[in-house]
Amino acid sequence: MSMETTLTLQLPVIDFTSQDLKPGTSEWDLVRGNVRRALEDYGCFEALFDKVPVKLRKAVFDVSEELFRLPLETKERVVSEIKYKGYVGHNPTNPLYEGVGIEFADNSEKVNAFTQKLWPKGKSSFSETVLSFTEQVSELDFITRRMIMESFGLDDKYIHEHLNSTKCLMRMMKYKGVEDTKEEESGMEAHTDRNMLTIICQNSVADGIEVKTNDDKHWIKANASQDSSFIVLAGSMLHVLLNGRVLSSVHRVMRMGTNTRYSAGLFSVPKTEELIYAPEKVVDVEHPRLFKPIDFEAYFQFTTEESGRRDSKALRTYCGL
Ligand SMILES: O=C(O)CCC(=O)C(=O)O
Ligand SMILES: [Fe+2]
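Residues numbered from 1 in each chain as written. Chains lettered and ligands numbered in written order. Predicted model: local features only at pLDDT ≥ 70, side-chain atom pairs only at ≥ 80, totals over all residues.

K.L.:
Help me understand unusual backbone geometry, please; the structure alone is not making it clear to me.
P.N.:
Peptide bonds are trans in most cases, and residues, glycine excluded, mostly fall at negative phi. Phi is positive for Phe-104, close to 55°, though the residue is something other than glycine. You can see Phe-104 is positioned in the loop between strand S5 (97-102) and helix H4 (108-118). The backbone of Asn-243 sits at a positive phi, close to 55°, despite the residue not being glycine. Note that Asn-243 resides in the loop between helix H7 (236-241) and strand S12 (251-255). (Helix = DSSP H or I, 4+ residues; strand = E, 2+ residues; numbered from the N terminus.)

K.L.:
Looking at this structure, how should I read the site of ligand 1?
P.N.:
Around ligand 1, the surrounding shell consists of Arg-171, Met-173, Met-188, Asp-193, Ile-200, Gln-202, Gly-208, Ile-209, His-251, Val-253, Ser-263 and Gly-265. For the shell around ligand 1, the secondary structure elements donating two or more residues are strand S6 (166-175), strand S8 (197-202), S12 and strand S13 (261-270). Of the residues in the shell around ligand 1, the class split is 5 nonpolar, 5 polar and 2 charged. (Near = placed C-beta within 6 Å. Nonpolar A, V, L, I, M, F, W, Y, C, P; charged D, E, K, R; others polar.)

K.L.:
Please clarify how helix H2 (residues 54-69) should be interpreted in this entry.
P.N.:
Side chains of residues three or four places apart in an α-helix project in the same direction, reflecting 3.6 residues per turn. With 16 residues, H2 should reach 22 Å at 1.5 Å per residue; the first-to-last C-alpha distance of 23 Å fits that figure. The set of residues buried in H2 consists of Arg-57, Val-60, Phe-61, Val-63, Ser-64 and Leu-67. One side of H2 holds all its buried residues, which, seen down the axis, span an arc of 165°. Facing away from the buried surface of H2 by more than 90 degrees, the exposed residues are Val-54, Lys-55 and Arg-69. Looking at the buried side of H2, the elements it contacts are S5, H4, helix H5 (124-151), S6, S8 and S13. (Expected span 1.5 Å × (residues − 1). Buried ≥ 20, exposed ≤ 12 C-beta atoms within 10 Å, placed from the backbone. Arc of directions from axis to C-beta. Contact = placed C-beta atoms within 7 Å.)

K.L.:
Is there a simple way to think about the confidence of the model for the protein chain in this case?
P.N.:
Summary statistics for the protein chain give a mean pLDDT of 93 and a share of 97% for residues scoring 70 or more. Both scores are available for the predicted complex, with the pTM at 0.96 and the ipTM at 0.99. (pLDDT = per-residue confidence, 0-100.)

K.L.:
Sorry, what's going on with the environment of Leu-169 here?
P.N.:
For Leu-169, the position within the fold is in strand S6. Of the residues examined, Leu-169 has 21 C-beta atoms within 10 Å and is grouped as buried. Sequence-wise, Leu-169 and Thr-93 are 76 residues apart; in three dimensions their C-alpha atoms are separated by 23 Å. Filtering out sequence-adjacent residues up to four positions away, Leu-169 remains in contact with Tyr-84, Lys-85, Gly-101, Ile-102, Glu-103, Ala-105, Phe-267 and Val-269.

K.L.:
Would you take a moment to explain the pairing of strand S3 (residues 44-48) for this structure?
P.N.:
When a strand is regular, its side chains alternate between the sheet's two faces. Of all 5 residues in S3, 4 are buried; the element is thus mostly enclosed. For the crossover from strand S2 (residues 13-15) across helix H1 (residues 26-41) to S3, the handedness is right-handed. Two elements, S3 and strand S11 (residues 229-234), share 5 bridges in a ladder whose sense is antiparallel. Along S11, the bridge assignment pairs Phe-45 with Val-232. (Right-handed = clockwise from strand over helix to strand, strands pointing away. Pairing = 2+ DSSP bridges.)

K.L.:
Please explain the environment of Ser-64 as it appears in this structure.
P.N.:
Assignment of secondary structure puts Ser-64 in helix H2. The contacts of Ser-64, once residues within four sequence positions are left out, are Met-172, Lys-174, Tyr-262 and Ala-264.

K.L.:
For this particular structure, what's the right way to read the nonpolar core?
P.N.:
Of all hydrophobic cores here, the largest spans 76 residues; its most connected members are Cys-44, Ile-231 and Val-232. Not counting the four nearest positions on each side in its chain, Cys-44 is found in contact with Leu-11, Ala-38, Val-211, Ile-231, Val-232, Leu-233, Ala-234 and Ser-249. (Core = buried A, V, L, I, M, F, W, Y, C linked by C-beta atoms within 7 Å.)

K.L.:
When you look at helix H8 (residues 296-305) in this model, what are you seeing that I'm missing?
P.N.:
Along H8, the residues classified as buried are Phe-296, Tyr-299 and Thr-303. For H8, the angular spread of the buried residues around the axis is 65°, confining them to a single face. Counted as exposed and oriented over 90 degrees from the buried face of H8: Ala-298, Gln-301 and Glu-305. Buried residues belonging to H8 abut H7, S13 and helix H9 (312-319).

K.L.:
Got a minute to help me understand the sheet that holds strand S4 (residues 86-89) in this structure?
P.N.:
Strands belonging to one sheet form pairs held by backbone hydrogen bonds; the direction of such a pair is parallel or antiparallel. An order of S2-S3-S11-S8-S13-S6-S5-S4 is seen for the 8 strands of this open sheet, with the pairing classed as mixed. The two strands at the open ends of the sheet, each matched to only one other strand, are S2 and S4. Sheet twist, expressed as the average angle between the axes of neighbouring strands with direction ignored, equals 25°. Across 3 bridges, the pairing between S2 and S3 is parallel. Residue pairing in the sheet places Ile-14 in a bridge with Ala-47 of S3. (Axes fitted to C-alpha atoms, helices over the stretch in contact; angles between N-to-C directions.)

Here's what the structure looks like:
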């Protein structure tokens, strides 16, 4: 019998809104310490980040609504064999969910080409919204990854190369509300993300992401309803790269109430050319190497071949030493 409970525990909240948040300042060091603790203890935190204007956030959910309202045959034009991108919906495991992943969401040519598949005459409100959102949220992605790597003593050159080794995927997601019930229903089943870092925001519904505590006993409801709130989650690739020294948390989406939930996420995903492995700086006597070098796409494929392969146990089976 499952002993899991949902408690009113809180995720750490980290404030990135200071104007003085520049590398080398005391403000930066303070936030960096908070990022390190949050990722060590939870693999996740709520970020307060005000670079995405409320208007842009609203525009993202407006264009998402338009996209998901398109006929199924139109959305099927962007189905991909690789399930982290393209259109995904009508999956019996997650019946409330539909999602669309846009690869290279920071590249205007790629985004315009994607937009044109859905709207052959083009739709600048869609592509511009995607590009602006990606540009702004990438800043939080870069700051977070820079901070966590600096905190482990990795140098500027390494960090720079690392930041250039990922591509950026934006995903828009829709979760139907549930009718006439006091019971929560699953919107997305429990999983860990497979990429480096994920940053999620949602429209103004009260429910949404829940994150499992590391002792496997409790679900923490992430509170992402403020206009400047983003939920930041470390993925399996960051866990491997930092030799298990940050967690990659199990999370899920729960739904309650009749309102539709829209969420938007920025996922930094390794480019395919290079294997992911932990640098010597994060390996020592107390922290022996945990994982073999890993090819992201091959690992991604492995996780899709059978159910139950979206957690850290499956990751250890795949590439543990
Ligand atoms: O919709 C959300 O808030 C989370 C989605 C999620 O966990 C994912 O796409 O990996
Ligand atoms: Fe996720």
